[in-house]
Amino acid sequence: MKSLHNYFQELCKEAGRSYKTFNIDTKKIDSATWENIGFNSDHIRYGHIEYFKSNNGKVEVVHTMCYPHFNFSLPIFGFDVIALNGNVTGIFCDVTPAPFDHPELRKKINSIFKEYEELKRTLPEWTEMFSIDFIAVSPKDKFNEIADKCIELYKQYLQTAQTPEMVSPMGIIKHKELRNKYSEYQQQNTKTAKHYRDWE
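Here the structure is a predicted model, which means the values were calculated and not measured.

**Focus on the packing of helix α2 (residues 103-115) against helix α3 (residues 143-160)**
Next up, step 1: One can describe the packing of α2 onto α3 by two numbers: an axis separation of 10 Å at closest approach and a directional angle of 175°. When the interaxial angle is binned, α2 and α3 end up roughly antiparallel. Between α2 and α3, the residues in contact are Glu104, Leu105, Lys108, Ile109, Ile112 and Glu115 and Glu145, Lys149, Cys150, Glu152, Leu153, Gln156, Tyr157 and Thr160, respectively.
Next up, step 2: Residue composition of the contact of α2 with α3, grouped by class: six nonpolar, two polar and six charged.

This is the structure in structure tokens:
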């Protein structure tokens, strides 16, 4: 069985194949492991891969985001796994149009969404920014199975991001507007922030 840290390593390895990676300075915490890796390219404005685990095992998180440059027609990619007290309670993954989508990525995430729809979690209002195929599941005994498929989607996204199409000046404006809206909605996710604060 793969661990969350195994997935963190796999995410970093895949980013390092085609993109420049760099360490992100992280506040040192004696009672937790906290690793942050960034990456970018001519087409990815900012990629972020994060791993956090408290020494007492209360909280463990893998987090990944990919933000394209505004002048390319790529969606935003996100992938998160959260474990509490050693049990994976949530897997989250999306390719979010902002406003640009990609047909092959959409087809892939739609197939994952449909396969595990019975495991779907109740979603808060702030998630309405995500696509209709937003994967948000309580994986139960299918943690590795679902996470592996999300990793395959991530690999496909990174490959797609190497040859994106340019957008018009109006498209750049719309992209910036929706990117800001995306950030505003993410800031409403107080539950994950609470887990980071209350793990001791």
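**Notes on unusual backbone geometry**
Next up, step 1: Residue Pro99 is reached from Ala98 by a cis peptide bond, and omega for that bond is -5°.
Next up, step 2: Mapped onto the elements, Pro99 comes out in the loop between β6 (87-96) and α2.
Next up, step 3: In this structure, Lys140 is a non-glycine residue whose phi angle is positive, near 55°.
Next up, step 4: Mapped onto the elements, Lys140 comes out in the loop between β7 (135-137) and α3.

**So, α3**
Next up, step 1: Along its 18 residues, α3 runs 26 Å from first to last C-alpha, staying within 8% of the 26 Å computed at 1.5 Å per residue.
Next up, step 2: Of the positions making up α3, those classed as buried are Phe143, Asn144, Ile146, Ala147, Cys150, Ile151, Leu153, Tyr154, Tyr157, Leu158 and Thr160.

**Observations regarding the side chain of Asp80**
Next up, step 1: Within the element layout of this structure, Asp80 appears in strand β5 (residues 76-84).
Next up, step 2: The side chain of Asp80 sits in the buried core without any salt bridge; Arg121 is the nearest counter-charge, 11 Å away.
Next up, step 3: A distance of 2.6 Å separates the side chain of Asp80 from the side chain of His63, its partner in a polar contact.
Next up, step 4: Those residues in contact with Asp80, other than ones at most four positions away along the chain, are Val62, His63, Thr64, Gly90, Ile91 and Phe92.

**Observations regarding the pattern of salt bridges**
Next up, step 1: Evaluation of the coordinates by the stated rule reveals nine salt bridges.
Next up, step 2: Between Arg106 and Asp101 there is a salt bridge, with its nearest N and O atoms 2.9 Å apart.
Next up, step 3: Beyond isolated ion pairs, a larger network of salt bridges with shared partners links Lys2, Glu10, Asp148, Glu152 and Lys155.

Here is what the cut-offs are and how they apply
Residues numbered from 1 in each chain as written. Predicted model: local features only at pLDDT ≥ 70, side-chain atom pairs only at ≥ 80, totals over all residues. Heavy atoms only, no water. Axes fitted to C-alpha atoms, helices over the stretch in contact; angles between N-to-C directions. Helix = DSSP H or I, 4+ residues; strand = E, 2+ residues; numbered from the N terminus. Parallel < 35°, antiparallel > 145°, perpendicular 65-115°, else oblique. Contact = heavy atoms within 4.5 Å. Nonpolar A, V, L, I, M, F, W, Y, C, P; charged D, E, K, R; others polar. Expected span 1.5 Å × (residues − 1). Buried < 20%, exposed > 50% of the residue type's maximum accessible area, 1.4 Å probe, protein only. Lys, Arg positive; Asp, Glu negative; His and termini not counted. Salt bridge = Lys/Arg side-chain N within 4 Å of Asp/Glu carboxyl O. Polar contact = N/O pair within 3.5 Å; in protein donor to acceptor, adjacent residues only side chain to side chain.

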